[in-house]
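# Observations on the three-dimensional arrangement
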Amino acid sequence: GGRELAVEIRRNCSFCKRFKQRLLEAEMGKIHQTRLTIAPAFYNVQIDIMGPFIASCEHNHRSTVKVWGLVFKDPASSAVFVHAMQKYDTAAFLTAYTRFVSRFGHPYKIFIDEGSQLVKGCREMQFSWIDISNNLNAEHGTGIEYTTCPVGGHNANGMVERSILDLKRLFKALYSGLKLDILSYETAFAYISNEMNNLPICLGSK
């Protein structure tokens, strides 16, 4: 009766119950299709906003203004780049987006978070994705396709959110306590973006 005895012991063992329950309910995190797409860098782009940061006014050094960072994240190569936004509106977004595409080209598809400031701005009529699409189509001759990712859908838009944490940590370590104007923030964002992109994707053996 050794088998029956082993089954009875396992049935009454609290550790075995927890181990078996965790084994049955464990599930690997879902991977979004964009992370598996073989394409040039920034072919698919996750976009989110970090900030606001406080910048010194270039005309009156005693006054301050707010500045935001528009974060672009490529889910396939993990490349990231940040541009400064001097305002929180559609015009500032288009200006930062134009600087981005002038260097990296237009992405095929943009992913934004339903719970992010971008969609909140759409509801408050600060951002209008219809205006953004029309402007891009008229000025650049290209259409923009965007998808809103569900709140909590970290497999779809979690990479840019995780990058924002790293960007803020790196920015705090390098520029904490310094008085920066808007152009200095653009320079700082470019520097920390380059530092993050310099990390190797993998390390091989000899």
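A quick note: this is a predicted structure, and the numbers were derived from the prediction, not measured.

Attention now moves to the side chain of serine 56. Take serine 56: it is sitting in strand E1 (residues 44-56). Accessibility expressed as a relative area gives 12% for serine 56, which makes it buried. If sequence neighbours within four positions are ignored, serine 56 has contacts with Ser63, Thr64, Lys179, Leu180 and Asp181.

For the rest of this paragraph, the subject is the side chain of histidine 83. Within the fold, histidine 83 resides in strand E3 (residues 80-85). In terms of polar contacts, histidine 83 uses its side chain to reach the side chain of glutamate 186, at 2.8 Å. In contact with histidine 83, other than residues within four places in its own chain, are Trp68, Gly69, Leu70, Phe72, Ala96, Arg99, Phe100, Glu186 and Phe189.

Quick look at the pairing of strand E2 (residues 64-73) now. Across the 10 residues of E2, seven count as buried, placing the element largely inside the fold. Bridge count between E1 and E2: nine bridges; the pairing is antiparallel. From the neighbouring strand, glutamine 46 faces E2, where its bridge partner is lysine 73. Between E2 and E3, which pair antiparallel in sequence order, lie six residues; one of them, serine 78, sits at a positive phi of approximately 65°.

Relative to the helices and strands, phenylalanine 42 is located in the loop between helix H2 (14-25) and E1. Sequence-wise, phenylalanine 42 and isoleucine 110 are 68 residues apart; in three dimensions their C-alpha atoms are separated by 9.5 Å. Ignoring sequence-local partners within four residues, the contact set of phenylalanine 42 consists of Phe72, Lys73, Asp74, Ala79, Val80, Phe81, Phe100, Phe104 and Pro107.

This part covers the pattern of salt bridges. It is possible for side chains of opposite charge to pair when their charged atoms get near one another. Applying the stated rule across the entire model yields three salt bridges. Here arginine 99 ties to glutamate 186 by a salt bridge, and the two come within 3.3 Å at their closest N and O atoms. Placement of the pair is arginine 99 in helix H3 (residues 90-104) and glutamate 186 in helix H7 (residues 182-197), with a sequence separation of 87 residues. You can call arginine 99 partly exposed: its relative accessible area is 31%. The partner of aspartate 166 in a salt bridge is arginine 169, and the shortest N-O contact between them spans 3.8 Å. Taken together, the positions of aspartate 166 and arginine 169, both in helix H6 (residues 154-175) and three residues apart, correspond to about one turn of that helix. In this structure arginine 169 comes out as exposed when scored by relative accessible area, which is 55%. One salt-bridge network, held together by shared partners, links Arg162, Asp166 and Arg169.

So, on to the environment of arginine 10. Structurally, the position occupied by arginine 10 is in helix H1 (residues 2-12). Residue classification places arginine 10 among the partly exposed positions, given a relative accessible area of 47%. Arginine 10 sits 10 residues away from lysine 20 along the chain, and the two C-alpha atoms are 9.9 Å apart. Setting aside residues no more than four positions away along its own chain, arginine 10 makes contact with Cys16 and Lys20.

This part covers the packing of aromatic side chains. The tally for this structure, following the rule as stated, stands at 15 aromatic pairs. On the numbers, 5.2 Å between centres and 50° between planes, the contact of phenylalanine 53 with phenylalanine 171 is tilted. Linking phenylalanine 53 in strand E1 with phenylalanine 171 in helix H6, this pair joins segments that are 118 residues apart in sequence. The buried category is assigned to phenylalanine 53, whose relative accessible area is 13%. Phenylalanine 171 sits in the buried class, given a relative accessible area of 9%. Relative to phenylalanine 189, the ring of tyrosine 185 lies with its centre 5.8 Å away and its plane at 55°, an arrangement referred to as tilted. Pair noted here: tyrosine 185 and phenylalanine 189 are both in helix H7, with a separation of four residues, about one helical turn. Its relative accessible area of 5% is what places tyrosine 185 among the buried residues. Three or more aromatic residues link up through ring pairs in this structure, and these residues are Phe42, Phe72, Phe81, Phe100 and Phe104.

About the criteria used
- Residues numbered from 1 in each chain as written.
- Predicted model: local features only at pLDDT ≥ 70, side-chain atom pairs only at ≥ 80, totals over all residues.
- Heavy atoms only, no water.
- Helix = DSSP H or I, 4+ residues; strand = E, 2+ residues; numbered from the N terminus.
- Buried < 20%, exposed > 50% of the residue type's maximum accessible area, 1.4 Å probe, protein only.
- Contact = heavy atoms within 4.5 Å.
- Polar contact = N/O pair within 3.5 Å; in protein donor to acceptor, adjacent residues only side chain to side chain.
- Pairing = 2+ DSSP bridges.
- Salt bridge = Lys/Arg side-chain N within 4 Å of Asp/Glu carboxyl O.
- Phe/Tyr/Trp six-rings, centres within 6.5 Å; stacked < 30°, edge-to-face > 60°.

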